[in-house]
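What follows is the residue order along each chain.
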Amino acid sequence: MRIVNVTTAVVAYHGQATLVRIDTDEGLSGFGEANPDAGAGAVVGMIESLTPLLIGEDPRNVERCWEKLRRSKVFAGAQSGVFVIALSGIELALWDLAGKAAGQPVYRMLGGKFRDRIRLYADCGDGDDPAGSIAGCVDRAQRMVAEGFTAIKFDIDDLRHPAKFDAFNHTINAAELRSMVERVAAVREAIGPDVDLAIDLHARYDVPSACRISWELEPFRLMWLEEPLPAENVDALVRVREQTRTPICAGENLYLRWGFRELLERGAVDVIEPDVPKCGGLAEAKKIANLAELHYIPFAPHLVSTPLGTMATSHQCGAIPNFLVQEWHALEEREVWDSYVHAPDGSGSIVKDGYITLPDTPGIGVELDMDGVRAHAVAGYGVFE
Ligand SMILES: [Mg+2]
């Protein structure tokens, strides 16, 4: 089996999501997805530049293809960023192909499953957009819990806060801190003590601010406090983690297993959150999860992908022991999000009662709904052409 063609489509979700299609000389095609954060133009261009290296390769040699692409760009930024995001999208499509060729679901290709269904947490954003009011947060939290989610997450970093003195410094002031605490307190009271609650700070604060926030949030027994600091300085994150009882989570802005090595070895986190269609793909995420397991650290992937990238991530989460919970970020775009695939059980969505059930069909196990893809295709890009 040889790769004969690699094409992309770009759809509207969390900005612009790049879908990847790999065709073979035996008529089988595999589909993958790259994380949308870098924008589609850069990712599509990178995939096009890598395509000649894939033509003629056997797609079932997933890790050989991956390593061939990575090594081709080690002098051009293959350690992180757009390159690894594009590589991740290709890698997901290779696993889909490898699974289809073997007649096996991807989780089995990754070593088999520890669990039949994958627990999700609902990312609730900053609540009731655009106001971000406390009442909006409470309403959204209660709706997600009523729907069956056992874990939720809110964003409490507020760049639009009227008390903010400066758009660029990383220091929180008293009024901003009070707003944060009020919001978390209201959500915790609304959902009760038994629902897991995570809080995201989006890498926006400095060390003294991160310390103050982590202390103030200790009474609310968070599942984790996410990215209190920018991602580049592991020592600074160690300082924050060591002075608080609030669990610290980070990793969505790190790439490849080497990007997580120091974070884990230095004890900078209580939870890691790699983004699978961004950090290098399914096999790479499994290696990162195994590295975390060495340090008894749980794996809770960040995720902002369509149901295709979401289901791919679920296969990987099924195949590791230290899985905690997987992000689900489509609350505000749910109808469009669901429209991108045919759910394996014929229902309207792959998400039910706060869980995703792993399908036993070959490959990733969801088929793109081309009507949905075309309806929300981003102008200026071809649809697998
Ligand atoms: Mg985050």
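Quick caveat: nothing in here was measured; it's all calculated off a predicted structure. (Residues numbered from 1 in each chain as written. Predicted model: local features only at pLDDT ≥ 70, side-chain atom pairs only at ≥ 80, totals over all residues. Heavy atoms only, no water.)

Engineer: Would you explain the sheet that holds strand E2 (residues 16-24) in this entry?
Structural biologist: Strand-to-strand pairing in sheets goes through backbone hydrogen bonds, with the strands running parallel or antiparallel. One open sheet accounts for three strands, arranged E1-E2-E3; its pairing is antiparallel. The strands lining the two open edges of the sheet, one partner per strand, are strand E1 (3-12) and strand E3 (29-34). Adjacent strand axes in the sheet meet at a mean angle of 20°, parallel and antiparallel pairs treated alike. Relative to E3, E2 runs antiparallel, the two sharing six bridges. Looking at E3, one finds that Leu 19 is bridged to Glu 33. Those strands touched by helix H1 (residues 40-54) are E1, E2 and E3, and its axis lies near 175° from that of E1. The sheet strands contacting helix H3 (residues 81-102) are E1, E2 and E3, and the helix crosses E3 at an angle near 150°. (Pairing = 2+ DSSP bridges. Helix = DSSP H or I, 4+ residues; strand = E, 2+ residues; numbered from the N terminus. Axes fitted to C-alpha atoms, helices over the stretch in contact; angles between N-to-C directions. Contact = heavy atoms within 4.5 Å.)

Engineer: I would appreciate a short explanation of the pattern of salt bridges in the present structure.
Structural biologist: Between side chains of opposite charge, a pair can form when the charged atoms approach closely. Enumeration over the complete set of coordinates arrives at 30 salt bridges. Glu 182 is the partner of Arg 178 in a salt bridge, and the nearest nitrogen-oxygen pair spans 2.9 Å. Here the residue Arg 178 and the residue Glu 182 both occupy positions in helix H6 (residues 174-191), the gap between them amounting to four residues, near one helical turn. We classify Arg 178 as partly exposed; its relative accessible area is 49%. When salt bridges that share partners are traced, they join Asp 123, Lys 153, Asp 200, Glu 226 and Glu 327 into one network. (Salt bridge = Lys/Arg side-chain N within 4 Å of Asp/Glu carboxyl O. Buried < 20%, exposed > 50% of the residue type's maximum accessible area, 1.4 Å probe, protein only.)

Engineer: Is there a simple way to explain the coordination of the magnesium ion in this structure?
Structural biologist: A four-donor tetrahedral metal ideally has 109.5 degree angles, and a six-donor octahedral metal ideally has angles of 90 or 180 degrees. Here the magnesium ion is held by Asp 200 (OD), Glu 226 (OE) and Glu 252 (OE), and the distances to it run 2.0 to 2.2 Å. In primary sequence terms, the donor set of the magnesium ion follows D-x25-E-x25-E. You can see Asp 200 sitting in strand E6 (residues 196-200) and its partner Glu 226 sitting in strand E7 (residues 224-226), a full 26 residues away along the chain. Judged by its relative accessible area of 2%, Asp 200 falls in the buried class. Its relative accessible area of 0% is what places Glu 226 among the buried residues. (Donors = N, O, S within 2.8 Å, 3.2 Å for Na, K, Ca; no water.)

Engineer: Would you explain the packing of aromatic side chains in this entry?
Structural biologist: Each pair of aromatic rings is reported with the distance of its centres and the angle of its planes. For the structure shown, the criterion picks out four aromatic pairs. Ring geometry for Phe 149 against Trp 328: centres 5.5 Å apart, planes inclined by 20°, an arrangement best described as stacked. Of this pair, Phe 149 sits in the loop between helix H5 (134-147) and strand E5 (151-155) while Trp 328 sits in strand E10 (residues 326-328), and the two are 179 residues apart along the sequence. Here the basic side chain of Arg 117 rests over the ring of Tyr 355, its NZ or CZ set 3.6 Å away from the ring centre. (Phe/Tyr/Trp six-rings, centres within 6.5 Å; stacked < 30°, edge-to-face > 60°. Lys NZ or Arg CZ within 6 Å of the ring centre and 35° of its normal.)

Engineer: Would you mind going over the UniProt feature "domain: Mandelate racemase/muconate lactonizing enzyme C-terminal" (unreviewed entry) in the chain with me for this structure?
Structural biologist: As recorded in UniProt, the sites labelled "domain: Mandelate racemase/muconate lactonizing enzyme C-terminal" (unreviewed entry) are residues 134-247. For the annotated span residues 134-247, helix accounts for 45% and strand for 11% of the residues, and the straight-line distance between the end C-alpha atoms is 24 Å. (UniProt positions renumbered as here; feature names shortened; annotations may be inferred.)

Engineer: Just to check I follow, could you spell out the side chain of Glu 273 for this structure?
Structural biologist: With respect to the helices and strands, the residue Glu 273 is situated in the loop between strand E9 (271-272) and helix H10 (276-279). Within the buried set, Glu 273 has no salt-bridge partner at all; the shortest N-O distance to an opposite charge, 5.0 Å, is to Lys 153. A polar contact is formed between the side chain of Glu 273 and the backbone nitrogen of Gly 251, at a distance of 3.4 Å. Not counting the four nearest positions on each side in its chain, Glu 273 is found in contact with Glu 226, Glu 227, Cys 249, Ala 250, Gly 251, Glu 252, Ala 300, Pro 301 and His 302. (Lys, Arg positive; Asp, Glu negative; His and termini not counted. Polar contact = N/O pair within 3.5 Å; in protein donor to acceptor, adjacent residues only side chain to side chain.)

Engineer: Help me out: how do you make sense of the pairing of strand E4 (residues 117-123) in this one?
Structural biologist: Every regular strand shows the same layout, with side chains that alternate between the two sheet faces. Across the seven residues that make up E4, a large majority, six, are buried. Alignment of E4 against strand E13 (residues 355-357), held across three bridges, turns out to be antiparallel. Looking at the pairing, Ile 118 lines up with Ile 356 of E13. The pairing of E4 with E5 spans two bridges and is parallel. Among the inter-strand pairings, Asp 123 is bridged to a residue of E5, identified as Lys 153.

Engineer: Can you help me understand the environment of Arg 183 in this one?
Structural biologist: Summarising the element assignment, Arg 183 is placed in helix H6. As for Arg 183 and Phe 154, which are separated by 29 residues in sequence, their C-alpha atoms are 9.3 Å apart.

Engineer: In this structure, what is going on with the domain arrangement of the chain? I would like to understand it.
Structural biologist: By convention, interface size is frequently given as the accessible area that disappears when the constituent parts associate. Domain annotation of the chain identifies domain 1 (3-103 + 370-375) and domain 2 (109-365). Centre-to-centre, using C-alpha coordinates, domain 1 lies 25 Å away from domain 2. In this assembly, 34 residues from domain 1 lie in contact with 34 residues from domain 2. With both sides pooled, the region where domain 1 packs onto domain 2 buries about 2,800 Å², and carbon together with sulfur makes up 64% of that total. Between the two partners, domain 1 and domain 2, sit two salt bridges. (Domains from an automatic or database assignment. Buried area = accessible area lost by both parts, 1.4 Å probe.)

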